[in-house]
Amino acid sequence: MEAAALKAQAVAQVDRLADLLVEASHRIHAHPELGYEEHFAHELLTALLEDQGVAVTRHAYGLDTAFEAIAGEDGPVIAVCSEYDALPGVGHACGHNIIATAGVGAGLAAAAVAAQAGGRVAIIGTPAEEGGGGKVRMADRGAFDGVAAAMMIHPANADLPEMRTLAIQQLWVDYHGEAAHAAAFPHKGRNALDAAVLGYVNVAALRQHIRPDERVHGIFTEAGDQANIVPDRTAARWYVRSPDLAGLELLKPRVLRCLEAGAAAAGCEMTADWRQPVYADLVTNGPLLDLYRQNSAAVGRELAGGAGAPEVVGSTDMGNISHLVPSIHPMIQVSPPDVSIHSHEFARWAAAPEGDRAVLDGAKAMAMTVVDLWARPGALAGVRAAHEAARTAPER
Ligand SMILES: [Zn+2]
Ligand SMILES: [Zn+2]
């Protein structure tokens, strides 16, 4: 059957599932769960897949809240990723309820035509994108072995071809000083809050002299217990980001020295823990994006691009996957352009009618892209060739 006819069938399948997908999106949104604790979303999505006749592996790859569902008998495996973790304090302010249900919807729509198209689709439930690196752990355990291409969509304030991604590593720091009465014996104390604050200020000074496309930002997670006790223990968490892994390796020691200098000035000990996994930058596969771009336009969403187009800067564990298999991570509009992801306001848009439309449009555009890879002559070969070319290109 022609790709166009198969795509029409896939789109019709998303329309049939529309109420189920939107309801699932709302239920996940109303029940935000942090990374690796997404038990409600895991149960809801796997049950939805099973109800639609797709075999599911729950708790896939040794992770409690990961899943995998594969449909189709043979032919190339195309992966659609589904994320469903939320953020502390602001809930689904990254709109992963939309990623979850658009991914499952795309997978089910592709599954409906997989046999006719001669392909397989893997719907991969990937926990803990917000720092936990679920995709990296799953990839290490083989989840993306044999996958020919992978895709997901991410909610945003515009329809965009990609996120401007930065490689990132987290740095968790503990400070140890000496407690004392802050009025009676201040000279006996070594102030671990001073150590943390001086390090913070050092990083602020460093920012003038890092690349304009790098980002360093931190919070204090412990800052003392009571004002009349010199704090003897404090802790901070830092995110260090650079456009690629090579840049990150140059930036990391500079940040670390800023923090160590703060500890030295305050006479405190500091322990630093560079957290795993590192998130790599994301390499968008050009031919795969071109397919998605056409399919996104077909559902009424022209991707913005060129000078003056808005951009979203961030990091994602999909970056690591993009170095393994040809990948795309386009952004889909959910909110007006002036709204930031990770804000309370964005969380409201993620369950608004605009968010619901993104679930269905995203599912359709991805399902059609999967069908293109299966059924359009030469499409997958072009995607593979671009991936190989990017792998062998010299480091930036
Ligand atoms: Zn986020
Ligand atoms: Zn996100």
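Residues numbered from 1 in each chain as written. Chains lettered and ligands numbered in written order. Predicted model: local features only at pLDDT ≥ 70, side-chain atom pairs only at ≥ 80, totals over all residues. Heavy atoms only, no water.

A. Spotlight on the sheet that holds strand 10 (residues 233-242). Pairing is antiparallel in the open sheet, where 4 strands are placed in the order 9-10-8-11. Here the strands that pair on one side only, and so sit at the sheet edges, are strand 9 (215-222) and strand 11 (269-274). Strand-to-strand twist in this sheet, taken as the mean axis angle between neighbours without regard to direction, amounts to 20 degrees. Pairing geometry for strand 8 (residues 167-176) and strand 11, over 6 bridges, is antiparallel. Across the sheet, Asp174 pairs through a bridge with Thr271, a residue of strand 11. Each of strand 8, strand 9, strand 10 and strand 11 touches helix 6 (residues 245-265); the most contacted strand, strand 8, lies at about 15 degrees to it. (Pairing = 2+ DSSP bridges. Helix = DSSP H or I, 4+ residues; strand = E, 2+ residues; numbered from the N terminus. Axes fitted to C-alpha atoms, helices over the stretch in contact; angles between N-to-C directions. Contact = heavy atoms within 4.5 Å.)

B. Summary view of the coordination of the zinc ion (ligand 1). Note on the zinc ion (ligand 1): its protein donors are Cys94 (SG), Glu130 (OE) and His342 (NE2). The metal-donor distances range over 1.9 to 2.2 Å. Of note, the donors binding the zinc ion (ligand 1) are all from one chain and are spaced C-x35-E-x211-H. Here the zinc ion (ligand 2) and the zinc ion (ligand 1) are spaced 3.1 Å from one another, each receiving a donor from Cys94. Within this pair, whereas Cys94 is found in the loop between strand 3 (77-82) and helix 3 (96-117), its partner His342 is found in the loop between strand 14 (331-333) and helix 9 (344-349), the two being separated by 248 residues in sequence. By relative accessible area, which is 5% here, Cys94 ends up buried. (Donors = N, O, S within 2.8 Å, 3.2 Å for Na, K, Ca; no water. Buried < 20%, exposed > 50% of the residue type's maximum accessible area, 1.4 Å probe, protein only.)

C. Here's a closer look at helix 11 (residues 379-392). Between its terminal C-alpha atoms helix 11 stretches 21 Å, which fits the 20 Å expected from 14 residues at 1.5 Å a residue. Considered for burial, the residues of helix 11 that qualify are Ala379, Leu380, Val383 and His387. Buried residues of helix 11, seen end-on, are gathered within an arc of 95 degrees and therefore sit on one face of the element. Check the buried side of helix 11 and you find it contacts strand 5 (147-151), helix 7 (286-298), helix 8 (318-324) and helix 10 (353-375). (Expected span 1.5 Å × (residues − 1). Arc of directions from axis to C-beta.)

D. Quick peek at the side chain of Thr165. Secondary-structure assignment places Thr165 in strand 7 (residues 164-165). One polar contact links the side chain of Thr165 to the main-chain amide nitrogen of Leu282, over a distance of 2.8 Å. Apart from the residues lying within four places of it in its own chain, the contact partners of Thr165 are Pro243, Asp281, Leu282, Gly314 and Thr316. (Polar contact = N/O pair within 3.5 Å; in protein donor to acceptor, adjacent residues only side chain to side chain.)

E. Up close: the nonpolar core. Membership of the largest hydrophobic core comes to 64 residues, with the highest contact counts inside it found for Val104, Met151, Leu373 and Trp374. If sequence neighbours within four positions are ignored, Leu373 has contacts with Ile78, Ala149, Met151, Leu288, Leu291, Ala379, Leu380 and Val383. The next biggest cluster of nonpolar side chains, apart from the first, holds 25 residues, and it includes Leu171, Tyr175, Val203 and Leu256. (Core = buried A, V, L, I, M, F, W, Y, C linked by side-chain atoms within 4.5 Å.)

F. Representation of the packing of helix 1 (residues 3-29) against helix 2 (residues 39-51) within the structure. With their axes 10 Å apart at the nearest point, helix 1 and helix 2 run at an angle of 170 degrees to one another. Put simply, helix 1 runs roughly antiparallel to helix 2. When helix 1 is examined against helix 2, the residues Leu20, Ala24, Arg27 and Ile28 are found in contact with a partner set consisting of Phe40, Ala41, Leu44, Leu45 and Leu48. Looking at side-chain class alone, the contact of helix 1 with helix 2 contains 8 nonpolar, no polar and 1 charged residues. (Parallel < 35°, antiparallel > 145°, perpendicular 65-115°, else oblique. Nonpolar A, V, L, I, M, F, W, Y, C, P; charged D, E, K, R; others polar.)

G. Region of interest: the sheet that holds strand 3. Reading across from one edge, 1-2-4-3-5-13 is the order of the 6 strands in this open sheet, with mixed pairing throughout. Both outer strands of the open sheet, strand 1 (56-58) and strand 13 (327-328), are each paired with one neighbouring strand and no more. As paired strands, strand 5 and strand 13 are joined by 2 bridges and run parallel to one another. Note that in strand 13 the partner of Met151 across the bridge is Ile328.

H. Layout of the pattern of salt bridges. Going through the model one piece at a time under the given rule, you end up with 16 salt bridges. One salt bridge connects Glu222 with Arg233, and the closest N-O pair in it is separated by 2.8 Å. With Glu222 in strand 9 and Arg233 in strand 10, this pair connects stretches of sequence that are 11 residues apart. Look at Glu222 and you get partly exposed, because its relative accessible area is 32%. A single network of salt bridges, built from pairs that share partners, joins Lys7, Asp372 and Arg376. (Salt bridge = Lys/Arg side-chain N within 4 Å of Asp/Glu carboxyl O.)

I. Local environment of the side chain of Glu83. Tracing the backbone shows Glu83 in the loop between strand 3 and helix 3. A polar atom in the side chain of Glu83 sits 3.5 Å from the side chain of His96.

J. Highlighting the coordination of the zinc ion (ligand 2). Distances from the zinc ion (ligand 2) to its protein donors, namely Cys94 (SG), His96 (NE2) and His154 (NE2), fall within the range 2.0 to 2.3 Å. Considered as a linear motif, the donors of the zinc ion (ligand 2) on their single chain read C-x1-H-x57-H. With a relative accessible area of 0%, His96 lands in the buried category.

K. Molecular detail of the environment of Pro353. Positionally, Pro353 belongs in helix 10. With 19 residues separating them in the primary sequence, Pro353 and Val334 have C-alpha atoms 8.8 Å apart.

L. Main features of the state of the cysteines. Considering all chains together, one arrives at 0 disulfides under this definition. We note that Cys81 lacks a disulfide partner, and the nearest cysteine sulfur, in Cys94, lies 15 Å from it. Since its relative accessible area comes to 1%, Cys81 is described here as buried. (Disulfide = S-S within 2.5 Å.)

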